[in-house]
Amino acid sequence: MRIAKVLPAIALSAVTVLWLRMAAAGPESGPDLPAPAAGETVVILHGLGRSERSMNKLADALARRGYEVHNLGYASTKAPPESLLEDLDERIRRCCMAATRLHFVGHSLGGILARAWIARHRPPNMGRLVMLAPPNQGSLLADRFHDRWPVSSIMGPALEALGTEALSLPKTLPPPDYPVGIIAGTGTINPLGTLLIPGEDDGIISICATQLEGAADFLIVDDSHALIMRSREVVENTAAFLATGRFLHAQPDAVPDCPPRPPEAPADDVPPGEESG
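All values reported here derive from a predicted model rather than from experimental measurement.

Caption draft 1: Quick look at the state of the cysteines. The final tally for this structure, using the stated rule, is two disulfides. A disulfide bridge connects Cys 95 with Cys 96, and the sulfur atoms are separated by 2.1 Å. Judged by the sign of its S-S torsion, about -85°, the bond between Cys 95 and Cys 96 is left-handed. Its relative accessible area of 25% is what places Cys 95 among the partly exposed residues. The class of Cys 96 is buried, set by a relative accessible area of 1%. Here Cys 208 pairs with Cys 258 through a disulfide, and the sulfurs are 2.0 Å apart. Across the S-S bond of Cys 208 and Cys 258 the torsion is about -90°, and the bridge reads as left-handed. With Cys 208 in the loop between helix H7 (191–196) and strand S6 (217–221) and Cys 258 in the segment after helix H8 (232–244), this residue pair connects regions lying 50 residues apart in the sequence. Of the residues examined, Cys 258 reaches a relative accessible area of 33% and is grouped as partly exposed. Looking at the protein chain, its bonded cysteines, counted consecutively from the start of the sequence, adopt the pairing 1-2, 3-4.

Take a look at the structure:
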């Protein structure tokens, strides 16, 4: 009986936290940045279990700065990454290969798919990539829940591919040879996820899991995994990295001590990529 009485208060508190964070991510004028060149294009990819609507605030902000923006929705919970990449490849080729410069912004799974697409089809007009809360080292929660109902049913086959084992999708991608900026969050609103993840985290992904060899810049913000893309600070820093290759700070944020990473997949086990173009 006591639990039944407490649950509404817990739910109200969670809704209040969400509302306050969304209110804090209100309209912004933004920093003074170089304007994009004519035809400079940004492809935006949302995360697992989300839709393109989750990225609308960021897409609108970049469009106001003069970028041609393609905020692509995809069936993140309905198909494995290989099928998602085939669909995205067709759409990116249709919309964006004639861009003067082609940038990407991805949230969580969207950032991993962007890296995978670039690894296979790197365009000659490749620009920069901003990754928001990406599981570059795999997700411990994916390891734990990918085969457990109802999570497996809700999140679909892509979740298993985001694990921490050596042959997971993030672990088989090559280091980038283009500028990558990573934004990681620490403002969790998911106490269960935080309980299961060692170190600082955003409720879904630890700061350590976002790390990527060869990244150009790294920023830590006080935002949750679910709402990081709506943060004013994140929107402004995303625009800054696309324009300049750096976030709005003097130097990359310090990375906390992280446990040793397991060995990467042997080169022979990495699925072969296709030719660029």
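What follows continues from the structure just given.
Caption draft 2: Geometry of H8. Across its 13 residues, H8 extends 18 Å between first and last C-alpha, which sits within 8% of the 18 Å expected from 1.5 Å per residue. Among the residues of H8, Val 234, Val 235, Glu 236, Asn 237, Thr 238, Ala 239, Ala 240, Phe 241 and Leu 242 are the ones counted as buried. The distance from a side-chain oxygen at the start of H8 to the backbone nitrogen of Glu 233 is 3.2 Å, and the residue carrying that oxygen is Ser 231. Just beyond H8, the residue with positive phi is Gly 245, at close to 85°.

Criteria and thresholds
- Residues numbered from 1 in each chain as written.
- Predicted model: local features only at pLDDT ≥ 70, side-chain atom pairs only at ≥ 80, totals over all residues.
- Heavy atoms only, no water.
- Disulfide = S-S within 2.5 Å.
- Buried < 20%, exposed > 50% of the residue type's maximum accessible area, 1.4 Å probe, protein only.
- Helix = DSSP H or I, 4+ residues; strand = E, 2+ residues; numbered from the N terminus.
- Expected span 1.5 Å × (residues − 1).
- Polar contact = N/O pair within 3.5 Å; in protein donor to acceptor, adjacent residues only side chain to side chain.

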